[in-house]
Amino acid sequence: MPIVPPRLDDRNFEDLVEELLARIPAHTPEWTHARVGDPGRTLLELFAWLTDTLLYRANLIPERQRLAFLKLLGIQMRPAIPATSVVSVHPDTSGLMPTQVLRPLAEIRGPVSFETRTELTVLHLEAEAYYKRPITEAERKQMAGLLPGLSRVYGLAANTQASYYVTTALFPHGAAEPAGFDLIERTVDRCLWIALLAPTQEDVATLRQELTTGSNGSPRMLSVGVMPSIEVPALLEDIGPRARIPHQWELTGVPGTNDTPTYHLLSVAYDSTQGLTRRGVTHLIMPGQDIGVPSNDVRQSLQAGVGDRPPRLDDADRAERLVAWLRLRPTVKLSHLILSWVGINAVEVEQRRTYTAIVLGQSDGTADQEMRLPAGSVERETLQLEVEEPGVGYRPWAPVEDLALAGRDEAVFRLDAEAGTVRFGDGVRGRIPPFGMRVRVARMRTGGGVAGNLPPGTLKAINAVTIENNPPAGTLKVTQNLPTVGGQDAETLVEAERRIPSTLRHGQRAVTAEDYRWLAAESPGAAPGRVEVLPRFKPHQRREGVPGVVSVLVLPSSNTFRAPNPRPDRPFLEAVHAHLDARRPLASELYVIGCEYVPLGLATGITVREGYGRETVVNAVREALFRWLWPLPPGGPKGEGWPLARAVRERELEVAIAQVPGVDTITGVRLFSAGRVASLQAGGGPTSARFEVRLDTVGASQGASSSALPALTSQSASRWTPLGGSGLPVELVLRQWQLPELMAVVVDADGGLPNDLRGAPDPFSTGGTTSQVAVPVVPEVC
């Protein structure tokens, strides 16, 4: 039976009033009619109410004792997690502003405060990304008579194949590309070119000198922010530390003879992108040599933009303001290199605030002193606490996880990061701060919460000082092209009460399936909406019963009930894997995966009960079906999401439809699949027609988004394969790693049962093709 805290006194207000009324004959027999509204009855009710409040307080004693016990365990509540992002800082003035180096921890103002994590070199440069786009087939046909002549003009050898291209802008106005841009598949040279532009033509020479050397003769730094595309990992992909992508950054130098291009290979001083595998900033050391660009005018250099030269800019204004070209290219053969955003003068920001030199108070000389910090959700790594000592001054004290393990003379303290408090020793386990001596925070950073998850364009102002501790010369503006993500609120008391008992059970060690489930749900930096443990399942071969293997299936949270279903991206899976990998047994083999969705279509016929709106009932039926097959709580038959390995049955769907208010009768339910269908036999005489969908012809695995699935139109509805036809009830069999994804629903409110999904929205549509405007390969020159 469950453990229920006892009530010390279970009487309520009505019980107390009745008890007082029952005592009247014994104490005041002359009071024969204690009716409601009588002054004496009112006094009795007043004292009953006062007693009821006292009993309420008394009944809280078991809860207080439980909380006191949990506190004695020393398991603290979790602090808030800050949101992070990458922003760009640029001068906000028309005149040329000198290059400035800003100190770290500059304040970025917005709805909540952010701080920069590193120093930042602000160059008065604009950056525009370009790539060499191969011409389309339509352009090739249009210029069929021109292309052979170009080969002769450029003097290409007979055995040389020309790759004609059009210089095309990427990330216009600094906006991110949500779907990402593949440098390998969509360019002719597998390179990203960043044009560094001066404000005016007169500033080009000055800025080239600024890039060459710093103000004190040290090399200049260029901060480049990079946002790789976050792909959806495939079900069978092993999630672990990502390998760095071999690449190099190059800057154009002064052209050689015959205007041949030269490039300076740049060294990397700092790289938080970890080799283009995550969002971050790369600090490039500028060369100490001259910087220049090859000629961009075909009237001066016929070879402009040919071969290894930078892409030709046919915009005369941009060509005149061109300071240098920055090139990013891989150094090994890759199949994909997908980027969502690249910009300069970039810096990482974090939802934190820094405090320095704050006196917390004076020691009273007692044991187990506790002092409160200026704020909660403290970053443990940055807290520097100092205690004043007689005749010596302030001396640093060190943090420890448990004061019980400290020695008598150790100058240590224990931090409660969530509450923002510090506790000192008792003279036996850790020193006591001397009586009357002050305790101060030399430095600390605090902050975090979901309030820091902001859309692009929210952060616009910066409050910074230069490395020389001076205000910046001129006005600076912040450009936020990426959203701030990752912020989570501090753990609540209710959440802590649910977590701490599980912590006692698993002890931060993943041994049982329940341990894996609890630990995965607690992964910092990820908020799984559902966690399932698949013991002895190896996802690469889809084999079951493999000893020593544990696969943890996780899905992110979602507030909608419509396809596409929630799919974990790589950072999400990596966060869960990193948390579990440090806690798994050494001999176990761990995989963190997403599920494999089986695309499903559904048609049903109903009649509407009199007095109910037709459209209202139809929409309610669609909502009920999506909720019934939804993979996350509160969807599914039991409100826990659709169970793994549970078949989708027509009869159960009819039950879900029948529960919708306003449905009078149900004609039936018909299931459709977008994959290859194989029938299965269950025993000797099956009572239902069982089918299994194979997805190898569809690609609807965890590695494919809904936009990558085959297109479905009203003319090509035959892509949906109907299940059944034998007259028996139909069920769709699912494996233990599969879940249904309801893509399309057709409801006939006139009682007919549709034979296809022609009336459903197109679930596989890519949003239509955009018309492409042909760009001349050769500019018009007068």
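Residues numbered from 1 in each chain as written. Predicted model: local features only at pLDDT ≥ 70, side-chain atom pairs only at ≥ 80, totals over all residues. Heavy atoms only, no water.

**Looking at the sheet that holds strand β23 (residues 421-424)**
Put simply, the test is: Only strands joined by at least two bridges in the DSSP assignment are considered to pair. Numbering of helices and strands runs from the N terminus; a helix is a DSSP stretch of H or I covering at least four residues, while a strand is a stretch of E covering at least two. Inter-axis angles, ranging from 0 to 180 degrees, are taken between N-to-C directions of lines fitted to C-alpha atoms, where helices are fitted over the stretch in contact.
Taken in spatial order, the 7 strands of this open sheet run β18-β24-β20-β21-β22-β23-β19, and their pairing is mixed. Of all strands in the sheet, those with a lone pairing partner are β18 (353-362) and β19 (370-372), marking the two edges. Taking each pair of neighbouring strands and ignoring which way they run, the sheet shows an average axis angle of 30 degrees. As judged from the 4 bridges shared by strand β22 (residues 412-416) and β23, these two strands associate in the antiparallel manner. Its bridge partner lying in β23, Leu-415 is registered against Val-422.

**Concerning the nonpolar core**
We apply this condition: Throughout this description, the term nonpolar core refers to a set of buried Ala, Val, Leu, Ile, Met, Phe, Trp, Tyr and Cys residues connected via side-chain atoms within 4.5 Å. Per-residue accessibility, obtained with a 1.4 Å probe over protein chains only, is compared with the maximum for each type, and a residue is labelled buried under 20%, exposed over 50%, and partly exposed between these values. Two residues qualify as a contact provided that any one of their heavy atoms is within 4.5 Å of a heavy atom in the partner residue.
Residues Val-621, Val-648, Leu-653 and Leu-671 are the most contacted members of the largest nonpolar core, which totals 47 residues. The element that contributes the greatest number of residues to this core is helix α12 (residues 614-628), accounting for 6 residues. When near neighbours in sequence (up to four residues on either side) are disregarded, Val-621 contacts Ile-606, Ile-657, Val-660, Val-663 and Val-747. Judged by nonpolar contacts, the second largest core, of 35 residues, contains Ala-198, Leu-266, Leu-339 and Val-342.

**Some words on the side chain of Ser-673**
By secondary structure assignment, the location of Ser-673 is in strand β34 (residues 663-673). Note on Ser-673: relative accessible area 0%, which makes it buried. Ignoring any residue separated from it by four or fewer positions in sequence, one finds Ser-673 in contact with Pro-599, Val-693, Arg-719, Trp-720, Thr-721 and Leu-723.

**A closer look at the sheet that holds strand β39 (residues 738-748)**
Overall, mixed pairing links the 4 strands, which are arranged β37-β34-β32-β39 in an open sheet. Looking along the sheet, the strands with just one partner apiece sit at the ends: β37 (721-722) and β39. For β34 and β37, the ladder comprises 2 bridges, and the chain directions are antiparallel. If you follow Phe-672 over to β37, its bridge partner there is Pro-722. Running at roughly 170 degrees to β39, α12 makes contact with β32 (596-608), β34 and β39 of the sheet. Helix α13 (residues 650-658) rests against β32 and β34 of the sheet, and its axis sits at about 140 degrees to β34.

**Some thoughts on unusual backbone geometry**
The step from Pro-633 to Pro-634 runs through a cis peptide bond, and the omega angle for that step is 5 degrees. Secondary-structure assignment places Pro-634 in the loop between α12 and β33 (648-649). A positive phi angle, near 50 degrees, is found at Asn-345, a position not held by glycine. Phi is positive for Ala-357, close to 50 degrees, though the residue is something other than glycine. Following the sequence through the fold, Ala-357 ends up in strand β18. Given the relative accessible area of 56%, Ala-357 is considered exposed.

**Quick word on the side chain of Thr-116**
Quick reminder of the rule: Two N or O atoms form a polar contact when they lie within 3.5 Å of each other; inside protein one atom must be a possible hydrogen donor and the other a possible acceptor, and for residues adjacent in sequence the pair counts only when both atoms belong to side chains.
Examined against the element boundaries, Thr-116 turns out to sit in strand β4 (residues 114-116). The class of Thr-116 is buried, set by a relative accessible area of 3%. Reaching out from Thr-116, the side chain makes a polar contact with the backbone nitrogen of Ala-106 at a distance of 2.9 Å.

**Section: a nonpolar patch on the surface**
Heads up, the condition is: Patch definition: residues with relative accessible area over 30% and no salt bridge; like charges joined within 9 Å; nonpolar side chains (Val, Leu, Ile, Met, Phe, Trp, Tyr) joined within 5 Å. Accessible surface is estimated by sampling points in the Shrake-Rupley manner with a 1.4 Å probe; for residues, cover comes only from the protein chains shown. What counts as a salt bridge is simple: a side-chain nitrogen of Lys or Arg found within 4 Å of a carboxyl oxygen of Asp or Glu.
Residues Leu-43, Leu-46, Phe-47, Trp-49 and Leu-50 make up a contiguous nonpolar surface patch of about 520 Å² in total accessible area. Along the chain, Leu-50 turns up in helix α3 (residues 39-59). On the basis of relative accessible area, Leu-50 is assigned to the partly exposed category, the value being 37%.

**Observations concerning the pairing of strand β10 (residues 221-228)**
With 7 of its 8 residues buried, β10 lies for the most part within the structure. Bridge analysis of β10 against strand β14 (residues 280-285) gives 6 bridges, and the strand direction is antiparallel. Counterpart to Gly-225 in the pairing with β14 is Val-281. As paired elements, β10 and strand β16 (residues 338-344) share 5 bridges and run antiparallel to each other. Within the sheet, the bridge partner assigned to Gly-225 lies in β16 and is Gly-343.

**Here's the deal with empty space enclosed by the protein**
Our working rule: Here a cavity denotes a set of grid points, spaced 1 Å apart and computed over the protein atoms alone, in which a 1.4 Å probe fits but from which it cannot get out, and a pocket denotes an open set meeting protein on both sides within 12 Å along at least five of seven lines; residues with an atom within 4 Å of a point are reported as lining. Grid points are joined across faces, edges and corners, and a volume is the space filled by probe spheres set on the points. Side-chain classes follow a simple rule in which Ala, Val, Leu, Ile, Met, Phe, Trp, Tyr, Cys and Pro form the nonpolar group, Asp, Glu, Lys and Arg form the charged group, and the remainder, Gly included, forms the polar group.
In this structure the tally under the stated criterion is 2 cavities of 30 Å³ or more. In this structure, the largest cavity occupies an estimated 50 Å³ of space. Contributing to the lining of the largest cavity are Pro-294, Ser-295, Asn-296, Gly-305, Arg-309, Pro-310, Pro-311, Arg-312 and Trp-325. Of the residues contributing to the lining of the largest cavity, the split by class is 4 nonpolar, 3 polar and 2 charged. Considering only enclosed or pocket space, the second largest cavity measures out at about 40 Å³ in volume. In terms of lining, the second largest cavity is formed by Asn-565, Phe-626, Leu-629, Trp-630, Pro-740, Glu-741 and Leu-742. No other element matches β39, which puts 3 residues into the lining of the second largest cavity. For the lining of the second largest cavity, the per-class residue count stands at 5 nonpolar, 1 polar and 1 charged.

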